[in-house]
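Single-letter residue listing:
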Amino acid sequence: MGVKAKKRDLKLNHEGEEEETGKNALPKTGGQAKEHIEQLQRLQTKDPEFFEFLKEHDKELLEFNDEDIDEDADDDAEDADGDVEDADLHENYQSYKPVVSEKEETPSKKAITTEMVDSWCHSIEENGKLVALRSLMKAFRTACHYGDDNGDDISTKFSTMSSTVFNKIMLFVLSKMDGILRKFLKLPSTGGKKEIIQELMTTKKWKSFNHVVKSYLGNALHILNQMTDTEMISFTLRRLKYSSIFLVAFPSLQRKYIKVALHFWGTGSGALPVTSFLFLRDLCIRLGSDCLDECYKGMYKAYVLNCQFVNATKLQHIQFLGNCVIELFRVDLSVAYQHAFLFIRQLAMILREALNTRTKEAFRKVYEWKYINCLELWTGAVCAYGSEVDLKPLAYPLAQIISGVARLVPTARYFPLRLRCIKMLNRVAASIGTFIPVSMLLLDMLEMKELNRPPTGGIGKAVDLRTILKVSKPTLKTRAFQEACVFSVIEELAVHLSQWSYSVSFFELSFIPVVRLRSFSKSTKVQRFQKEIKQLIRQVEANAEFTNERRNSVSFLPNDPVVSSFLEEEKKLGASPLSKYVSTLRQRARQQTDALSESSVLYGEHSSVFGKSGSDSEDEDTEGREGTSAFSSTWLPGSNSKEKHPEEKKSKKKKRKMEQQDKAAPRDEDVVEDLVLSSDEDEEPLSDSSAESDGNEDMEPVRKQTRKPKARSQGSKKKNRSPANKAKKRKTSR
């Protein structure tokens, strides 16, 4: 016990000397070092046994030099008396002097003023003083945790601040802290890879500054979870993007940042999704394999959660999310292939289960927006990187899955879904330059009885085939639906044939489609359809003559590699008759789409475009202006939730309206949201389509379920008509 008491007295004596030197001014590090060395020398002569004990159990008290004290002078001064500030800052506030006593007393907390913040900022920028930096970081922590239930936390030095002080602290820290930390740690001014931080983590300098870096990133993450204003969140994420390289040293913070950014990317509005995606992309580029897997899985999961159903309002948001996922694959295509292979394999297993079991539940898993949008995502990925060696092998299994989905339930009610699958197949074929038999899928649609007979359901409302997978029975008989389907079939068939309009074998490819188109034009009684079909036949025949004229003068064999250069110059110019015809059809389709799109709501700023955008600019002036506008409100974290700005109320009202529209959309437009398993809608999906199928045995249980409601409706009709029938009988009897 005597040895321990001596050790405690030595430490207290050392701390007391530092406290006395730090009350009024910064300590002189050289004098302290000499004094401590002399004390240890005297101790060695007076009490050699205690000195040997310290050597064995506490070498930190004995092993030190002047350089260590010079490097960490500010840190030692701060630890000695709690939080000793620079001598220049004593003019702005009273110095804090802790009292060493047996009972721990809570330090007096002070209000932060603008003068204090200005003095800290000046000391950091002009003199590079570490004490001022630590004081600012404590104020930053107070700002980020303002309003939290801290209880009696004695480590919190500051207590209150105004909105002006809060804005000033947040602006300075978020705008300047990355450069300040890089300057202290002697890192490049911008950019960098994870290897730089890994090397830095082995140095003494990192041990002195790692808690400052962790405090900056941790407190910024905390306030990100508290913010509600999208401009504040966007500005904060944009500035934190430059410091993302420091997350290499803190894996737990890295995972939390990825989770928060994924949440903002999937659910944010305005420019926030774009900013969140740029943050994630920069994180993947800087950190590489450390976060690629987590980002790929998280983005795919967020994409699936956001594409449960589709309407005209949400279509652009889903396209934007898909473009982001495809753009992130560019960071590392080899890693992206591994994830894409697994996710496409999951889709194949779901389709195989539906083909084998042929039950209503299995069909629902395939014929829902979630499944179809995943196919759209991987189609876009294969089309974007079809020429790359990594993702090109995925084209074949993806084309097989899409073809199987198109043939799963061959009924007229699922014409919109089949047309989407055919468009995907055409895109894949064009990207990889491989023939995919699409014409049979289209020609089978024309031969169905719903498109061969005149409409009996009237004109009907205009049908947007982009936002539905399934139509109701009354819609099948309308003129608008028939026209939309037939014109879409003609357009996609023309696109398919135009892809091979410069092939040496175009005549053989187009022979069977032309024969079946002629039979349809003879069987249909609708003159508009006859006119469109005949025009397509004329264009195909003209293109056949265009290729045959050149083929007659060719001397090479069909298996000669020179075949690939056949009509190469004409292909670059788009000179074939079918290419010109397809361009006119696309213009007409674009006009119809513009007329159908009643809403122009965009999720994200220029959501589908990845070009030069202001959000990714590195100009300090623009960043300062955006930050000033973002942090110019009276908002403080932890404030009363009842006190809300009118802009927040308006945005919440808009969100409620959007949610109501989204909920109502599947019912009004007959979107295949009912394919999601639920007890209320268990009898609706696929029951009507099974009635239209030609004797499918797997649909018989569904027909039995639909007989009872029909009988009830007939009974109710008889009851309602009974008074009218009696009145008619009276009239006839009279």
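Note that the coordinates shown come from a computational prediction; the quantities given were computed from them, not determined experimentally. (Residues numbered from 1 in each chain as written. Predicted model: local features only at pLDDT ≥ 70, side-chain atom pairs only at ≥ 80, totals over all residues. Heavy atoms only, no water.)

**Q** A description of the overall build of the chain should follow, citing residues and the corresponding values.
**A** Counting its secondary structure elements, the chain contains 32 helices and zero strands. In the chain, which comprises 734 residues, the share counted as buried stands at 46%. Summed over its atoms, the accessible surface of the chain is roughly 39400 Å², and 50% of this surface lies on carbon and sulfur atoms. (Helix = DSSP H or I, 4+ residues; strand = E, 2+ residues; numbered from the N terminus. Buried < 20%, exposed > 50% of the residue type's maximum accessible area, 1.4 Å probe, protein only. Areas by Shrake-Rupley, 256 points an atom, 1.4 Å probe, with all protein chains shown as cover.)

**Q** Before we move on, could you go through the nonpolar core and cite the residues and values that matter?
**A** Formed by 179 residues in total, the largest nonpolar core has its most connected members in Met170, Tyr216, Leu217, Phe246, Leu375, Trp378 and Val405. Ranked by residues supplied to this core, first place goes to helix α8 (residues 163–185) with 13 residues. Residues in contact with Met170, not counting those within four places in the same chain, are Phe140, Ala143, Cys144, Ile223, Met227 and Phe631. (Core = buried A, V, L, I, M, F, W, Y, C linked by side-chain atoms within 4.5 Å. Contact = heavy atoms within 4.5 Å.)

**Q** If you had to explain helix α18 (residues 369–384) to someone new, which residues and values would you point to?
**A** With 16 residues, α18 ought to run about 22 Å at 1.5 Å a step, and its terminal C-alpha atoms sit 22 Å apart, in line with that. Burial analysis of α18 places twelve of its 16 residues in the buried class, the great majority of the element. When α18 is considered as a whole, its buried residues turn out to be Trp369, Tyr371, Ile372, Asn373, Cys374, Leu375, Leu377, Trp378, Thr379, Gly380, Ala381 and Val382. Elements that come into contact with the buried residues of α18 comprise α14 (289–306), α15 (315–329), α16 (333–357), α17 (360–366), α19 (395–408) and α20 (415–432). (Expected span 1.5 Å × (residues − 1).)

**Q** Talk me through a nonpolar patch on the surface; I want residue IDs and the actual numbers.
**A** A cluster of nonpolar residues, Phe507, Phe511, Ile512 and Val515, forms a patch on the protein surface that exposes about 380 Å² of accessible area. Structurally, Phe511 is set in helix α25 (residues 506–523). (Patch = residues over 30% accessible without salt bridge, like charges linked within 9 Å, V, L, I, M, F, W, Y side chains within 5 Å. Salt bridge = Lys/Arg side-chain N within 4 Å of Asp/Glu carboxyl O.)

**Q** Now, about unusual backbone geometry: what can you tell me, with residues and values included?
**A** Even without being glycine, Lys186 reaches a positive phi, approximately 60°. Residue position: Lys186 is located in the loop between α8 and α9 (194–200). By relative accessible area, which is 67% here, Lys186 ends up exposed. A positive phi angle, close to 50°, is found at Arg358, a residue other than glycine. Along the chain, the position of Arg358 falls in the loop between α16 and α17. Residue Arg358 is classed as partly exposed on the basis of its relative accessible area of 27%.

**Q** Can you break down the packing of aromatic side chains residue by residue, with the values?
**A** Enumeration over the complete set of coordinates arrives at 15 aromatic pairs. Consider the rings of Tyr300 and Trp378, whose centres lie 5.3 Å apart with planes at 35°: the pair is tilted. Separated by 78 residues along the polypeptide, Tyr300 in helix α14 and Trp378 in helix α18 bring together distant segments of the chain. Per residue, the accessibility class of Tyr300 equals that of Trp378, and both read buried. Ring plane angle 15° and centroid distance 6.5 Å describe the contact between Phe415 and Phe481, whose orientation is recorded as stacked. Remark: Phe481 occurs in helix α24 (residues 479–499) and Phe415 occurs in helix α20; sequence separation between them is 66 residues. Here Phe481 falls in the buried class, since its relative accessible area comes to 0%. Counting every residue linked through ring pairs, the aromatic cluster contains Tyr296, Tyr300, Phe329, Phe343 and Trp378. Here the guanidinium or amino end of Arg588 rests over the ring plane of Phe487, the centre of that ring lying 5.1 Å away. (Phe/Tyr/Trp six-rings, centres within 6.5 Å; stacked < 30°, edge-to-face > 60°. Lys NZ or Arg CZ within 6 Å of the ring centre and 35° of its normal.)

**Q** A description of the environment of Ile245 should follow, citing residues and the corresponding values.
**A** Residue position: Ile245 is located in the loop between α11 (230–240) and α12 (251–267). Separated by 38 residues in the primary sequence, Ile245 and Leu283 place their C-alpha atoms 7.2 Å from one another.

**Q** I'd like to hear about the side chain of Ser576, residue by residue, with values.
**A** With respect to the helices, strands and loops of the structure, Ser576 is situated in the loop between α27 (568–573) and α28 (577–596). Its relative accessible area of 0% is what places Ser576 among the buried residues. A distance of 3.1 Å separates the side chain of Ser576 from the side chain of Tyr502, its partner in a polar contact. (Polar contact = N/O pair within 3.5 Å; in protein donor to acceptor, adjacent residues only side chain to side chain.)

**Q** Could you give an account of the pattern of salt bridges, naming the residues involved and the relevant values?
**A** Going through the model one piece at a time under the given rule, you end up with 16 salt bridges. Notably, a salt bridge pairs Arg551 with Glu508, separated by 3.2 Å at the nearest N-O pair. On the criterion of sequence distance, the pair formed by Arg551 in helix α26 (residues 527–551) and Glu508 in helix α25 is long-range, its members being 43 residues apart. Note on Glu508: relative accessible area 46%, which makes it partly exposed.

**Q** Which residues make up the environment of Asp178, and what values go with them?
**A** Position of Asp178 relative to the elements: it lies in helix α8. Judged by its relative accessible area of 7%, Asp178 is buried. Sequence spacing of Asp178 and Ser243 is 65 residues, and the spatial spacing of their C-alpha atoms is 5.8 Å. With sequence-adjacent residues up to four places away left out, Asp178 is seen in contact with Ser189, Tyr242, Ser243 and Phe246. At 2.8 Å, the side chain of Asp178 and the side chain of Ser243 are in polar contact.

**Q** Explain α26 to me, using residue names and the numbers behind them.
**A** Given 3.6 residues per helical turn, the α-helix brings residues three or four places apart onto the same face. In this model, α26 (25 residues) spans 36 Å end to end at C-alpha, consistent with the 36 Å of a helix rising 1.5 Å per residue. Within α26 the residues assigned to the buried category are Phe529, Glu532, Ile533, Leu536, Ile537, Val540, Asn543, Ala544 and Thr547.

**Q** Provide a residue-level description of the side chain of Asn219, including the pertinent values.
**A** Along the chain, the position of Asn219 falls in helix α10 (residues 204–226). Within the local environment of Asn219, its side chain forms a polar contact with the side chain of His145, the two groups lying 3.2 Å apart. In this view, Asn219 contacts Phe140, Arg141, Cys144 and His145; residues no more than four positions away in its chain are not counted.

**Q** Go over the confidence of the model for the chain with me, naming the residues and quoting the values.
**A** On average, residues of the chain score 75 in pLDDT, and 68% of them reach the 70 mark or higher. Taken as a whole, residues 599–621 scores under 50 in pLDDT and shows 37 contacts with residues more than four places along the chain or in a different chain. Note that pLDDT drops below 50 for residues 663–734; the model gives that stretch 81 contacts with residues more than four away or on any other chain. (pLDDT = per-residue confidence, 0-100.)

**Q** Can you explain the packing of α14 against α15? Please cite residues and give values.
**A** Across the interface, α14 lies against α15 with an axial gap of 10 Å and an inter-helix angle of 165°. Between α14 and α15, the crossing angle belongs to the class labelled roughly antiparallel. Here the hand of the crossing between α14 and α15 comes out left-handed. Between α14, through Cys295, Tyr296, Met299, Tyr303 and Asn306, and α15, the contact on the second element is made entirely by His317, Ile318, Leu321, Gly322, Cys324, Val325, Leu328 and Phe329. Counted by class, the contact of α14 with α15 contains ten nonpolar, three polar and no charged residues. (Axes fitted to C-alpha atoms, helices over the stretch in contact; angles between N-to-C directions. Parallel < 35°, antiparallel > 145°, perpendicular 65-115°, else oblique. Left-handed = near helix turned anticlockwise from the far one by under 90°. Nonpolar A, V, L, I, M, F, W, Y, C, P; charged D, E, K, R; others polar.)

**Q** Outline the environment of Glu569, supporting the account with residue identities and numerical values.
**A** Residue position: Glu569 is located in helix α27. By relative accessible area, which is 63% here, Glu569 ends up exposed. Along the backbone, Glu569 and Tyr502 are 67 residues apart, and their C-alpha atoms lie at a distance of 9.8 Å.

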